[in-house]
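# Coordinate analysis (summary)
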Amino acid sequence: MQMETWLIIVGVVVMTIIVMDGRRKKRRLGVAVITHPEPEALMVEVAVECANDAVVGSHVGAATRIHGIVTAQESISISGSVQGEVHTTHGITLTSLASVQGLLSAGELACHAGATVNGSIVPSPPVPASMKKPA
């Protein structure tokens, strides 16, 4: 065989190993893709326990795209893309990578330069002092 043929074969083998390793890492980290024919019928509840010194809140990462309704009883930080509604009685922070199309409902809103919002922003009732966690 010629040298070019061996290089092509080695390249294909290396790319196959890289793809398989990526799939293995996704399974190990618990990354999942959820598809459902009726998004309204799909509801996912997640319980997270944090240490006392941990930052409490939810984060939508830069590579995350959400189509639907997000409801939280804690602060939400958005770096990814959301099409739909985001509701919280606490605060929403939109980082410079955030893109939101739809309704934002929050007690507080922080928006960094570069974030895009196409929709409505509605204030929600503030959280009573008795429900706020001490800093």
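Up top you'll find the structure we're talking about.
The following refers to the structure shown. Note that the structure is predicted; figures quoted are calculated from it, not measured.

Pairing analysis gives 3 bridges linking strand 3 (residues 76-78) to strand 5 (residues 91-94), with the strands arranged parallel. The partner of S77 across the bridge, within strand 5, is T93. Direction of pairing for strand 5 relative to strand 7 (residues 108-111): parallel, over a ladder of 4 bridges. By the bridge assignment for strand 7, L94 is matched with C111.

Reading across from one edge, 1-3-5-7 is the order of the 4 strands in this open sheet, with parallel pairing throughout. Every other strand in the sheet has two partners, leaving strand 1 (58-60) and strand 7 as the edge strands with one partner each. Taking each pair of neighbouring strands and ignoring which way they run, the sheet shows an average axis angle of 15°.

So, on to the nonpolar core. Judged by nonpolar contacts, the single largest core of 14 residues is most densely connected at I76, I78, V86, I92, L94 and L104. Sorting the residues of this core by element identifies strand 2 (65-72), strand 3, strand 4 (81-88), strand 5 and strand 6 (99-106) as the ones contributing at least two each. Considering each element in turn, this core owes the most residues, 3 residues, to strand 6.

Time to look at a nonpolar patch on the surface. The grouping of W6, I9, V13 and I17 at the surface amounts to a nonpolar patch, some 380 Å² of accessible area in total. As for its position among the elements, V13 is in helix 1 (residues 3-29).

Within the element layout of this structure, S105 appears in strand 6. On the basis of relative accessible area, S105 is assigned to the buried category, the value being 11%.

What counts, and where the lines are drawn
Within any chain, residue numbers begin from 1 and follow the written order of that chain's sequence. Where local features are concerned, this predicted model is filtered to residues with pLDDT of at least 70; where side-chain atom pairs are given and counted, the filter is 80 or more; whole-chain, interface and lining totals use all residues. To obtain the side-chain values, all non-hydrogen atoms of the structure were used and water was disregarded. At least two bridges found by DSSP between two strands are what make those strands a pair. Under the scheme used here, helices are H or I runs from DSSP no shorter than 4 residues and strands are E runs no shorter than 2 residues, and both carry numbers assigned from the N terminus. Axis geometry follows a simple rule: fit a line to the C-alpha atoms, using only the stretch in contact for helices, then measure angles between N-to-C directions, giving values from 0 to 180 degrees. By nonpolar core we mean a set of buried residues, namely Ala, Val, Leu, Ile, Met, Phe, Trp, Tyr and Cys, connected to one another through side-chain atoms within 4.5 Å. Buried means the residue's accessible area, taken with a 1.4 Å probe over protein chains only, is under 20% of the maximum for its type, while exposed means over 50%, and partly exposed covers the values in between. Note on patches: the residues involved have over 30% relative accessible area and no salt bridge, like charges join within 9 Å, and the nonpolar side chains Val, Leu, Ile, Met, Phe, Trp and Tyr join within 5 Å. The protein chains shown are the only cover counted for residues, whose accessible areas, like all others here, come from Shrake-Rupley with a 1.4 Å probe. A pair is scored as a salt bridge if a Lys or Arg side-chain nitrogen falls within 4 Å of a carboxyl oxygen belonging to Asp or Glu.

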